[in-house]
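Observations on chain architecture
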2 protein chains.
Amino acid sequence: MTNRDKLLDATFIEVYKHGYSGASTAAILKSAKVPKGSMYHHFSSKKELVLGMVKERLIPKVRESFYIELHETSRAVDILNYLFKKISKNEMLVKHGCPLHKLMFEMGTLDDEITELCHNEFVFLTDNLTLILDLGKQNAEIIEKDSKSLAEFIIISSWGALSRSPNHSSKEQFLKDTKHIMDYIKI
Amino acid sequence: MTNRDKLLDATFIEVYKHGYSGASTAAILKSAKVPKGSMYHHFSSKKELVLGMVKERLIPKVRESFYIELHETSRAVDILNYLFKKISKNEMLVKHGCPLHKLMFEMGTLDDEITELCHNEFVFLTDNLTLILDLGKQNAEIIEKDSKSLAEFIIISSWGALSRSPNHSSKEQFLKDTKHIMDYIKI
DNA sequence: TCTACAATAGACCGACCAGTCTAATAATAA
DNA sequence: TTATTATTAGACTGGTCGGTCTATTGTAGA
């Protein structure tokens, strides 16, 4: 593994744990076992390092949990149940929330570029979910609502459900929350 | 206004804007126009200052938006519509999210005491909302669901709705999100 | 082999961090 | 008045911050 890869991995963990402000370059370098000169060779600043981490680590990871390829034969309700179940099995997500949501929330007041990058991914995820909901409406599985607004609501409320205090969040708790979403959207 | 009060006010703003890690004592002192010795006279550390701010500023402010006294004659649906409307009119909340949610989310990985204090307030708010929903069920205004779970879902998804990127959040957007909640819970 | 550039390595820098210290002043009680 | 305590005031400290600098090493082409 190259030093660049080690840096991106370590940055993901440090920023997820301590936030952007709380993540120090020293801690990232120590955890990655990479010298400082190497980091500033690959990235011009801490911000650029984090931008790279979002593009090459955070977004791919989030898609693993919140994105699913649509097939003509798919059933929308099945897809959603599958996604929620998969998310609920990811202990990291359940305990500490969606890393994209967490970073976007923190950076909202600190940096427009990082915030926008996160927001674009939110749009990508909702666009995908919108297609799934449209399919569900065609199949008469899902209530007749504006699909895009509904998709946004599902993601934003899932993120809310994942952002409870770590000591009081659990797989069961999350599934209870998403049950409300499913009860709402199913016909 | 005493220096202690000035400090708590400034701490609320700085922590809301920059998060706990990003809020420096120097910035707080400058904004409050209070010397350092005065701060460390009233509070033994930055953490104690923030704990005081949560108890004496953040929690009261959050209750203004998310808490409502219950009266026997109240209609649950009216109360919720009123609360959502009031929240939507608070530009600060709509743009930058619920400060309680934001702090709890950040501190989840950093400090148990602050996280717990925030979580306790989440419990307080849900307990209050649970009573309102119970009343709504009695009046046959609201679907038959576990009131506590429903109350938690309403608050957590409202917080999610408020935690969108500031450049893409608006009063209208928030009301669209909460419309889904209302459509779900109303009979 | 020589050349040129990419990457590694870490000492070093000024700025800023939370927190300490001592001194001065205001308020209160005897 | 005097003694005592609460509060204000800010200079100062050791450590950490993001970032710079120079030197060295690895690597690929001529």
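See the structure shown above.
Now for a quick tour of the structure. Fair warning: this is a prediction, and the values are worked out from it, not measured in the lab.

Contacts between the two partners involve 43 residues from chain B and, on the opposite side, 43 residues from chain A. Summing both sides of the interface, chain B and chain A together bury roughly 3700 Å²; the carbon and sulfur share of this comes to 61%. Three residues stand out in chain B for area buried against chain A, namely B:Phe105, B:Phe153 and B:His180, and they jointly supply 19% of the buried area on that side. Our count for the chain B to chain A interface comes out at 4 salt bridges. Across the pair A:Asp183 and B:Lys145 runs a salt bridge whose closest N-O atoms are separated by 2.6 Å. Mapped by element, the contributors of at least two residues to the side of chain B that touches chain A are helix H1 (3–22), helix H7 (99–107), helix H8 (112–138), helix H9 (147–162) and helix H10 (171–185) of chain B. In terms of residue class, the side of chain B that touches chain A is built from 13 nonpolar, 19 polar and 11 charged.

With that settled, the discussion passes to the environment of B:Asp111. Residue and element names in this part refer to chain B. Counting through the fold element by element, Asp111 comes out in the loop between H7 and H8. Residues Asp111 and Lys47, 64 residues apart in the sequence, show an inter-C-alpha distance of 9.2 Å. Here Lys47 takes part through its side chain, which lies 2.9 Å from a polar atom of the side chain of Asp111. Here Glu113 takes part through its backbone nitrogen, which lies 2.9 Å from a polar atom of the side chain of Asp111.

Okay, the packing of aromatic side chains next. Within this structure, the stated rule accounts for 13 aromatic pairs over all chains. Pairwise contacts between aromatic rings join A:Phe153, A:Tyr184, B:Phe153 and B:Tyr184 into one cluster. Over the face of the ring belonging to A:Tyr20 we find A:Lys46, whose NZ or CZ atom lies 4.6 Å from the ring centre. Across the ring face of A:Phe12, the terminal group of A:Lys61 is positioned such that the distance to the ring centre comes to 4.8 Å.

Let us look at the relation of the copies chain B and chain A. A rotation about some axis, followed by a shift along it, carries one copy of the chain onto the other. Note on the copies: chain B fits chain A at an RMSD of 0.0 Å, the axial shift is 0.0 Å, and the rotation between them is 180°. Each copy turns onto its partner about a two-fold axis. Comparing contact sets, 100% of the residues at the interface of chain B also lie at the interface in chain A, consistent with an isologous, same-surface contact.

Let's shift gears to helix H4 (residues 46–66) of chain B. The largest bend in H4(B) is about 45°, located at B:Val54. Turning to H4(B), its buried residues are B:Leu49, B:Val50, B:Leu51, B:Gly52, B:Met53, B:Val54, B:Arg57, B:Leu58, B:Ile59, B:Val62, B:Ser65 and B:Phe66.

What follows covers the protein's contact with DNA strand C. Within the structure, DNA strand C sits among 15 residues, and A:Ser38, A:His41, B:Thr25, B:Lys36 and B:Lys46 are positioned closest to it. Here DNA strand C approaches the protein such that, of its atoms within 4 Å, sugar and phosphate make up 58%. One of the backbone nitrogen or oxygen atoms of B:Ala23 is found 3.3 Å away from a phosphate oxygen of DNA strand C. Within the backbone of B:Lys46, a nitrogen or oxygen atom sits 2.8 Å from a phosphate oxygen of DNA strand C. The set of elements that each furnish at least two residues to the surface near DNA strand C consists of helix H3 (36–42) of chain A together with helix H2 (25–32) and helix H3 (36–42) of chain B.

Moving on to the protein's contact with DNA strand D. As a matter of local geometry, DNA strand D sits amid 15 residues, with A:Thr25, A:Lys36, A:Lys46, B:Ser38 and B:His41 nearest to it. What you see for DNA strand D is that sugar and phosphate hold 57% of its atoms within 4 Å of the protein. Here a phosphate oxygen of DNA strand D and a backbone polar atom of A:Ala23 are 3.4 Å apart. For DNA strand D, a base oxygen lies 2.6 Å from a polar atom in the side chain of A:Lys36. No other element matches H3(B), which puts 5 residues into the surface near DNA strand D. Across the surface near DNA strand D, the residue classes break down as 4 nonpolar, 8 polar and 3 charged.

The subject of this paragraph is the state of the cysteines. Residue and element names in this part refer to chain B. Across all of its chains, the model carries 0 disulfides over all chains by this definition. No disulfide involves Cys98; its nearest neighbouring cysteine sulfur is the one of Cys118, lying 9.1 Å away. The exposure class of Cys98 is buried, given its relative accessible area of 0%.

In this model, helix H1 (residues 3–22) of chain A (20 residues) spans only 22 Å end to end at C-alpha, well below the 28 Å of a helix rising 1.5 Å per residue. Looking at the buried side of H1(A), the elements it contacts are helix H2 (25–32), H3, helix H4 (46–66), helix H6 (91–96), helix H7 (99–107) and helix H8 (112–138) of chain A.

This part takes up the nonpolar core. Counting 124 residues, the largest nonpolar core has A:Trp159, B:Leu103 and B:Trp159 as the members making the most contacts within it. Here B:Leu103 is in contact with B:Val15, B:Tyr20, B:Val50, B:Val54, B:Leu58, B:Ile114 and B:Cys118, once residues within four sequence places are set aside.

Right, let's get into the environment of A:Ile181. As for its position among the elements, A:Ile181 is in helix H10 (residues 171–185). Classification of A:Ile181 by relative accessible area gives buried; the value is 2%. Separated by 24 residues in sequence, A:Ile181 and A:Ser157 have C-alpha atoms that sit 8.4 Å apart. Sequence-distant contacts of A:Ile181, defined by excluding residues within four places in its chain, comprise A:Phe84, A:Ile154, A:Ser157, A:Ser158 and B:Phe153.

The subject of this paragraph is the packing of helix H9 (residues 147–162) of chain A against H9(B). Viewed as axis vectors pointing N to C, H9(A) and H9(B) meet at an angle of 110°, and their least axial separation amounts to 7 Å. The angle between H9(A) and H9(B) falls in the class roughly perpendicular. Of the two possible hands of crossing, H9(A) and H9(B) adopt the one that is right-handed. Contacts from A:Phe153, A:Ile156, A:Ser157, A:Gly160 and A:Ala161 of H9(A) reach H9(B) at B:Phe153, B:Ile156, B:Ser157, B:Gly160 and B:Ala161. Grouping the constituent residues of the contact of H9(A) with H9(B) by class yields 6 nonpolar, 4 polar and no charged.

What counts, and where the lines are drawn
- Residue positions are counted from 1 within each chain, in the order its sequence is given.
- All chains are assigned letters beginning at A, and all ligands numbers beginning at 1, according to the order in which they are written.
- The model is predicted, so local features are restricted to residues of pLDDT at least 70 and side-chain atom pairs to those at 80 or more, both for listing and for counting; the totals for chains, interfaces and linings are taken over all residues.
- Only hydrogens and water are set aside; all other atoms, that is, all heavy atoms of the structure, feed into the side-chain values.
- Any two residues having at least one pair of non-hydrogen atoms within 4.5 Å are treated as being in contact.
- Throughout, buried area stands for the accessible area (probe radius 1.4 Å) lost by two parts on being put together, summed over both.
- A pair is scored as a salt bridge if a Lys or Arg side-chain nitrogen falls within 4 Å of a carboxyl oxygen belonging to Asp or Glu.
- The helix count covers DSSP runs of H or I at least four residues long, the strand count covers runs of E at least two residues long, and both are numbered beginning at the N terminus.
- When residue character is reported, Ala, Val, Leu, Ile, Met, Phe, Trp, Tyr, Cys and Pro are called nonpolar, Asp, Glu, Lys and Arg charged, and the others, Gly included, polar.
- For this analysis, a polar contact is any N or O atom pair within 3.5 Å, provided that within protein one partner can donate a hydrogen and the other can accept it, and provided that sequence-adjacent residues contribute only side-chain to side-chain pairs.
- Each aromatic pair joins two rings of Phe, Tyr and Trp (for Trp, the six-membered one) with centres within 6.5 Å, and gets the label stacked for planes under 30 degrees apart, edge-to-face for over 60, and tilted for any other angle.
- In our convention, an over-ring charge means Lys NZ or Arg CZ found within 6 Å of a ring centre and within 35 degrees of that ring's normal.
- The least-squares superposition of copies is restricted to C-alpha atoms, and to residues with a pLDDT of at least 70 in both copies.
- Bend, in this description, refers to the angle at a residue between axes fitted to the seven residues ending there and the seven starting there.
- Each residue is placed in one exposure class: buried if its accessible area under a 1.4 Å probe, protein chains only, is under 20% of its type's maximum, exposed if it is over 50%, and partly exposed if it falls in between.
- By convention in these notes, a residue is near a molecule or strand provided one of its non-hydrogen atoms lies within 4 Å of it.
- Note on terminology: pairs of cysteine sulfur atoms within 2.5 Å are recorded as disulfides.
- One less than the number of residues in a helix, times 1.5 Å, gives the span that helix is expected to have.
- In this description, a nonpolar core means a group of buried Ala, Val, Leu, Ile, Met, Phe, Trp, Tyr and Cys residues linked to one another through side-chain atoms lying within 4.5 Å.
- Every axis in this analysis is a line fitted to C-alpha atoms, fitted for helices over the stretch in contact. Angles between the N-to-C directions lie between 0 and 180 degrees.
- If an angle is under 35 degrees, it is roughly parallel; if it is over 145, roughly antiparallel; if it lies from 65 to 115, roughly perpendicular; otherwise it is oblique.
- Take the far helix as the reference: if the near one is turned anticlockwise from it by less than a right angle, the crossing is left-handed, and if turned clockwise, right-handed.

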